[in-house]
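# Close look at the chain arrangement
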Amino acid sequence: MTETTPVAELLFGEADATPFSTDEATVKPWDQARACLESAPKAWLSTVWPDGRAHAVPVLLVWAGGAPWITTRPTSRKARNLAVNPHCVLTVAVETLDLVVEGNATRARDEDELRRVAAAFRAKYEWELAVRDGSVHEEALPGSPEYGFYRITPTRAFGYGADGRTATRWRFG
C-alpha cells in the first residue's frame, strides 16, 4: 500500500486566543511525526467500548508498509472494541515531539502482509511471531497464542513540540 503525505498546517491561527506559536516556520513536517512513530518504544492506544466509554492501554508499535501497526490478542478488550468500532487514537511521545494520531484500525489477514509486519516486530522488539494459516502466533509460549495485527490508517494527527508552544495539525486525504 502506498503511503500518502498529509497536509501540514498550524493548529492555531493568529485569531485564536492561545499561547501556541502562529509562526508558519514552526509547522513540523510529517517525516518528523513518522520518525516519532517509528522510534517510540511504545504507544498508547485509545478505543471505545460498545457503551461509549473510553479505553486506553499501552501497546507495542511498528511502522510497516507506510503505516503504523499494533498487535493484540483477538480476545483482548481493545481488539473487541475495534471489532465494533474501528475508530481509535494512538499517542506517542519522544524527546522532540508529542504526537496524537486519530485513525481507523483494520485487522490484517493477508499472509504476505502478516509476514512483513511480523518482520517489523522482530526487527524492533526481537519478538518472534509465526504466521500460519492466516494467523499470527507466538510459538514460544504454551498453547501458541494467537495475535492480530492492526493497521492504523490516520485521518488526522497533531504534533506538539518539546517547547510546549508549537503545534502542527496534519490532515490526511
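Below: a short report on this structure. Please read all numbers here as calculations on a predicted model, not as lab measurements.

### Points about the pairing of strand β5 (residues 67–72)
Among the six residues in β5, six count as buried, and that is most of the element. With four bridges joining them, strand β4 (residues 61–64) and β5 adopt antiparallel strand pairing. When the bridges of β5 are listed, A64 appears paired with A67. The hairpin turn running from β4 into β5, its antiparallel successor, is two residues long, and G65 in that turn takes a positive phi close to 60°.

### Things to note about unusual backbone geometry
The backbone of E126 shows a phi angle near 55°, a positive value even though the residue is not glycine. Counting through the fold element by element, E126 comes out in the loop between α3 (111–125) and β8 (130–132). A residue is classified by how much of its surface remains accessible, and E126, at 73% relative accessible area, is exposed. The residue S144 is not glycine, and still its phi comes out positive at about 45°.

### Details of the nonpolar core
Ranked by internal contacts, the top residues of the largest apolar core, which has 26 residues, are W30, L37, I70, L90, V92 and L99. Of all the secondary structure elements, the ones that give two or more residues to this core are α1 (30–39), β2 (43–48), β3 (54–59), β4, α2 (77–84), β6 (87–94), β7 (97–107) and β10 (146–161). Aside from chain neighbours lying at most four places away, what touches W30 is E3, P6, L37, W63, A157, W170 and F172. By size, the runner-up hydrophobic cluster in this structure holds 16 residues, among which are A64, V117, V131 and V136.

### A look at the packing of aromatic side chains
Evaluation of the coordinates by the stated rule reveals six aromatic pairs. A ring pair is formed by W30 and W170, whose centres lie 5.4 Å apart and whose planes are at 75°; its orientation type is edge-to-face. Here W170 lies in strand β11 (residues 167–171) and W30 lies in helix α1, a separation of 140 residues in the sequence. W170 matches W30 in its accessibility class, with the two residues each being buried. Their ring planes at 25° and their centres at 6.1 Å tell us that F121 and Y125 sit as a pair that is stacked. Of this pair, F121 and Y125 both sit in helix α3, four residues apart, which is roughly one turn of the helix. Overall, Y125 belongs to the partly exposed group, its relative accessible area being 22%. Sitting over the ring of W49, R53 keeps its end group 4.1 Å from the ring centre. Sitting above the plane of the W49 ring, R77 keeps its charged end 4.0 Å from the centroid.

Procedures and definitions
Residues numbered from 1 in each chain as written. Predicted model: local features only at pLDDT ≥ 70, side-chain atom pairs only at ≥ 80, totals over all residues. Heavy atoms only, no water. Buried < 20%, exposed > 50% of the residue type's maximum accessible area, 1.4 Å probe, protein only. Helix = DSSP H or I, 4+ residues; strand = E, 2+ residues; numbered from the N terminus. Pairing = 2+ DSSP bridges. Core = buried A, V, L, I, M, F, W, Y, C linked by side-chain atoms within 4.5 Å. Contact = heavy atoms within 4.5 Å. Phe/Tyr/Trp six-rings, centres within 6.5 Å; stacked < 30°, edge-to-face > 60°. Lys NZ or Arg CZ within 6 Å of the ring centre and 35° of its normal.

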